[in-house]
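Residues per chain, in single letters:
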Amino acid sequence: MNHLRIEKRGAVGIVTFSRPEALNALNLETLKELDALLDEIATDSTLGIVIFTGEGKAFIAGADIKEMSVLNAEEGRAFGVLGQRIFYKLERLDQVTIAAVNGFALGGGCELALACDLRYAGAKAKMGQPEVTLGITPGFSGSQRLPKLIGLARAKELIFTGKMIGAVEAEQMGLVNKVVDGDVLEYAIEVASTIERNAPLAVKYSKKAIDSGYGQTVNEGNVLEAGFFGLCFASEDQKEGMSAFINKQKPNFKGI
Ligand code: CAA
């Protein structure tokens, strides 16, 4: 891969966007690399958590404007559909995904963070959907995921003004879980370690229960939750977790 790399630390994968000369902007080549990498991650049962971050001063400064500048309507639509499909694949990973937003996360960069389960921002992070300043709408599902995350009015304000907001404002509006004073990647790794100590199947089923029930009524979601809750009782880790509690020991989860 030319613009992406993955480092594995036990069950934690750290994916770094590395195209610093263009502030890690997503050109077609990077998107294709991401698509293939997500396929690898999806079948890698040793990974429980995947962190996304950027090299240098940007997380991702958006889709590549130079490449997009020459697209016609049909090509523009196809480019949007490609990004949507890849980010949907990211969102649907079994693994917990974390965006460690180290710098600019604009347009497609903000949209990639939106497709993750958790978002943490470094103090220097700048986020936003500046597409209208370029004559386009958000294209990689920002118009869909942002309102669901931060509410309709706030999403419309960010998208219609195209303004960039800092980490503190992003935290205040719920765009990120937390602003981190120190190294945001180290913080994301700490969160990942906490998640890693828990029963892997229970974490995976919790993600599935939340995501598949989101947008449904509580009663509809309850049916899904009951299914996943029941499945946990077929796992060795449920026996391990509960007997460790009763015997006042630390559980030794195996992910089965
Ligand atoms: N696409 C292509 N190249 C980009 C880029 C992008 N999205 N963002 C930055 N770059 C390039 C610049 O062109 C520049 O390259 P050159 O040195 O060859 O000129 C290099 O990265 C460094 O950028 P700047 O000199 O502009 O750095 P800066 O610190 O002065 O400004 C910035 C940083 C405010 C992030 C500014 O680069 C910027 O506004 N970038 C564009 C952000 C943007 O509009 N993103 C949305 C894209 S549209 C989109 O993503 C659609 C979608 O929904 C899928």
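Residues numbered from 1 in each chain as written. Predicted model: local features only at pLDDT ≥ 70, side-chain atom pairs only at ≥ 80, totals over all residues. Heavy atoms only, no water.

Draft legend 1. Seen up close, the pairing of strand 7 (residues 118-122). Buried residues dominate strand 7, accounting for 5 of its 5 residues. Burial of strand 7 is two-sided: the residues Leu118, Tyr120 and Gly122 facing one way and the residues Arg119 and Ala121 facing the other way are all buried. Judged from the 4 bridges that link them, strand 5 (residues 96-101) and strand 7 form a sheet pairing that is parallel. Residue Ala100 lies in a different strand from strand 7, and its bridge partner there is Tyr120. Across 3 bridges, the pairing between strand 7 and strand 10 (residues 178-180) is parallel. Along strand 10, the bridge assignment pairs Gly122 with Val180. (Buried < 20%, exposed > 50% of the residue type's maximum accessible area, 1.4 Å probe, protein only. Helix = DSSP H or I, 4+ residues; strand = E, 2+ residues; numbered from the N terminus. Pairing = 2+ DSSP bridges.)

Draft legend 2. Structural view of the site of the ligand. Near the ligand you find 25 residues, and of these Lys57, Ala63, Gly108, Glu111 and Glu131 are the closest. Between a nitrogen atom of the ligand and a main-chain N or O atom of Ala61, the distance comes to 2.9 Å. For the ligand, a nitrogen atom lies 2.9 Å from a polar atom in the backbone of Ile65. Protein contact buries 67% of the 980 Å² of open area that the ligand shows by itself. Within the residue set of the shell around the ligand, elements represented by two or more residues are helix 2 (65-68), strand 6 (104-106) and helix 4 (108-114). Per element, the largest residue contribution to the shell around the ligand is 3 residues, and it comes from helix 2. (Near = heavy atom within 4 Å. Polar contact = N/O pair within 3.5 Å; in protein donor to acceptor, adjacent residues only side chain to side chain. Areas by Shrake-Rupley, 256 points an atom, 1.4 Å probe, with all protein chains shown as cover.)

Draft legend 3. Structural view of the packing of aromatic side chains. Per the counting criterion, the structure on display carries 6 aromatic pairs. Between Phe87 and Phe140 the ring centres are 5.4 Å apart and the planes differ by 80 degrees, which places this aromatic pair in the edge-to-face class. In this pair, Phe87 is assigned in helix 3 (residues 73-91) and Phe140 in the loop between strand 8 (126-128) and helix 5 (142-150), connecting sequence segments 53 residues apart. Ring geometry for Tyr120 and Tyr187: centres 5.1 Å apart, planes at 75 degrees, overall edge-to-face. Placement of Tyr120 in strand 7 and of Tyr187 in helix 8 (residues 184-196) is noted, with a sequence separation of 67 residues between them. Given the relative accessible area of 7%, Tyr120 is considered buried. Taking the relative accessible area as the measure of exposure, Tyr187 reaches 22% and is therefore partly exposed. Put simply, the rings of Phe79, Phe87 and Phe140 pair up and form one aromatic cluster. (Phe/Tyr/Trp six-rings, centres within 6.5 Å; stacked < 30°, edge-to-face > 60°.)

Draft legend 4. Layout of the nonpolar core. With 45 residues, the main nonpolar core has Leu34, Phe52, Phe59, Phe87, Leu112, Met127 and Leu175 as its most contacted residues. A per-element tally of this core places helix 1 (residues 28-42) first, with 5 residues. With residues up to four places along the chain from it excluded, the contact list for Leu175 reads Cys110, Leu114, Arg119, Met127, Leu146, Leu149, Ile150, Leu158, Ile165 and Ala170. Counting residues in each nonpolar core, the second largest holds 17 residues, with Ile51, Val96, Ile98 and Val191 among its members. (Core = buried A, V, L, I, M, F, W, Y, C linked by side-chain atoms within 4.5 Å. Contact = heavy atoms within 4.5 Å.)

Draft legend 5. Expanded view of the layout of surface pockets. The volume enclosed by the largest pocket comes to roughly 690 Å³. Along its surface, the largest pocket is lined by 21 residues, and Glu91, Leu114, Cys116, Asp211 and Tyr214 are the ones closest to its centre. Those elements giving two or more residues to the lining of the largest pocket turn out to be strand 7, helix 5 and helix 9 (200-213). For the lining of the largest pocket, the element with the highest residue contribution is helix 9, accounting for 5 residues. Among the residues making up the lining of the largest pocket, the classes are represented as 10 nonpolar, 3 polar and 8 charged. When its volume is computed, the second largest pocket comes out at roughly 580 Å³. Met68, Glu131, Ile136, Thr137 and Gly139 are the residues nearest the centre of the second largest pocket, which is lined by 28 residues in total. Take the lining of the second largest pocket: its biggest share by element is 5 residues, from helix 3. (1 Å grid on protein atoms, 1.4 Å probe; cavity = no way out; pocket = protein on both sides within 12 Å on 5 of 7 lines; lining within 4 Å. Points joined across faces, edges and corners; volume = space filled by probe spheres on them. Nonpolar A, V, L, I, M, F, W, Y, C, P; charged D, E, K, R; others polar.)

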